[in-house]
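# Residue-level structure breakdown
If you want the building blocks of each chain, they are given just below.
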Amino acid sequence: MNAGAGEGSLWRGLLQKDVLQALASVCGLFLVQAFTGYFVFTVNASRFFKEAGSSIDENLATIIVMVVQFVVTLVASLLMDKIGRRKSLFISFGSMIPFLVIMAVFVGVSGDVGADGARERPALHPLAWARQGLTGTDEGSAGDTWTRTGSEDPVPYGWIPLVSMMLFLVGSCFGVNPVPYILANEYFPTSIRSQASSVCISFSTIVNFVALQVYSPMQDGLTQTGLYAFYAGVCGIGIPFTYFFIRETKGKQIG
């Protein structure tokens, strides 16, 4: 493929059949990554911890999660060189699913009906975050039962979604987070690598932006429990997608 992409035709080299197939595989993996909920949770981590009723300061908790993610990513980068990119993805997707299911069950159970018999949305509801940010309303004292748990006390067993989210993010660091970016470089010949990688990274930026923008509408349509179940389903789709469409690059010459 390098010989077919000369000076002045670098972008044209992206139209080669094998390059297009590689682009489709990597961009498809980025699409799956975006809708596993990884990026949404990372961006909204501090709000998630606060609304979950944690006794730990949400900013401190977020810092702890980021540090854990950094350390796990370093370990995972060494592990990927031993077990390969595909196995890393299998482990990552497989480990993320149970923690999403736990969060879905927890939110579904804790957010069904309030003490006064009225149906209340869970304290994790993202519209409460949005309204507080836009209007300055204190959702804990607004008397609006659909945006809070109905009590100023911490959510019972609030550590469950916190631990689940942390382990979910840790699981993502073993493959779902780093592997697409690695493959965006390893899948393409050196002559068009920068162009092909820029297409993949640009696509990743777009789909992550979309995932953030549709989070609240999806939550309203699916409920918070349904949204977590959706993310778990996407992780489940990621396993056969990896099996059929992602080829191993460990130990192989690239470029």
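What counts and what doesn't
Residues numbered from 1 in each chain as written. Predicted model: local features only at pLDDT ≥ 70, side-chain atom pairs only at ≥ 80, totals over all residues. Heavy atoms only, no water. Core = buried A, V, L, I, M, F, W, Y, C linked by side-chain atoms within 4.5 Å. Buried < 20%, exposed > 50% of the residue type's maximum accessible area, 1.4 Å probe, protein only. Helix = DSSP H or I, 4+ residues; strand = E, 2+ residues; numbered from the N terminus. Axes fitted to C-alpha atoms, helices over the stretch in contact; angles between N-to-C directions. Parallel < 35°, antiparallel > 145°, perpendicular 65-115°, else oblique. Contact = heavy atoms within 4.5 Å. Nonpolar A, V, L, I, M, F, W, Y, C, P; charged D, E, K, R; others polar. Phe/Tyr/Trp six-rings, centres within 6.5 Å; stacked < 30°, edge-to-face > 60°. Lys NZ or Arg CZ within 6 Å of the ring centre and 35° of its normal. Left-handed = near helix turned anticlockwise from the far one by under 90°.

## Overview of the nonpolar core
Formed by 49 residues in total, the largest nonpolar core has its most connected members in V26, L29, F41, L100, F188, C200 and Y231. Breaking this core down by element, the ones donating at least two residues are α1 (17–34), α2 (38–43), α4 (58–83), α5 (85–110), α7 (159–173), α8 (179–186), α9 (193–213) and α10 (215–245).

## Concerning the packing of α1 against α8
In helix packing, the relevant descriptors are the interaxial angle and the interaxial distance, both defined with respect to the helix axes. Close contact between α1 and α8 brings their axes to 10 Å; oriented N to C, the two are set at 170°. Comparing their axes, α8 and α1 come out roughly antiparallel. On α8, the residues touching V26, L29, F30 and Q33 of α1 are V179, P180, Y181, L183 and A184. For the contact of α1 with α8, the per-class residue count stands at eight nonpolar, one polar and no charged.

## Points about the packing of aromatic side chains
Counted under the stated rule, the structure contains seven aromatic pairs. When the ring of F30 is compared with that of Y181, the centres are 5.0 Å apart and the planes differ by 75°; the resulting orientation is edge-to-face. Taken together, the residues F30 in helix α1 and Y181 in helix α8 connect sequence positions 151 residues apart. Judged by centre distance (5.0 Å) and plane angle (85°), the rings of Y243 and F244 are edge-to-face. Grouping residues by exposure puts Y243 and F244 together as exposed. Ring pairs connect the aromatic residues F41, F168, Y228, F230 and Y231, which therefore count as one cluster. Across from the ring centre of Y187, 4.0 Å away, lies the NZ or CZ of R247, which sits over that ring.

## A short note on the packing of α1 against α9
For the pair α1 and α9, interaxial distance at closest approach is 9 Å and the crossing angle is 25°. Here α1 lies roughly parallel to α9, going by the angle between them. Note that α1 runs across α9; the crossing there is right-handed. Between α1, through L23, V26, C27, F30, L31, Q33 and A34, and α9, the contact on the second element is made entirely by A196, V199, C200, I201, F203, S204, V207, N208 and A211. Looking at the contact of α1 with α9, its residues break down into 13 nonpolar, three polar and no charged.

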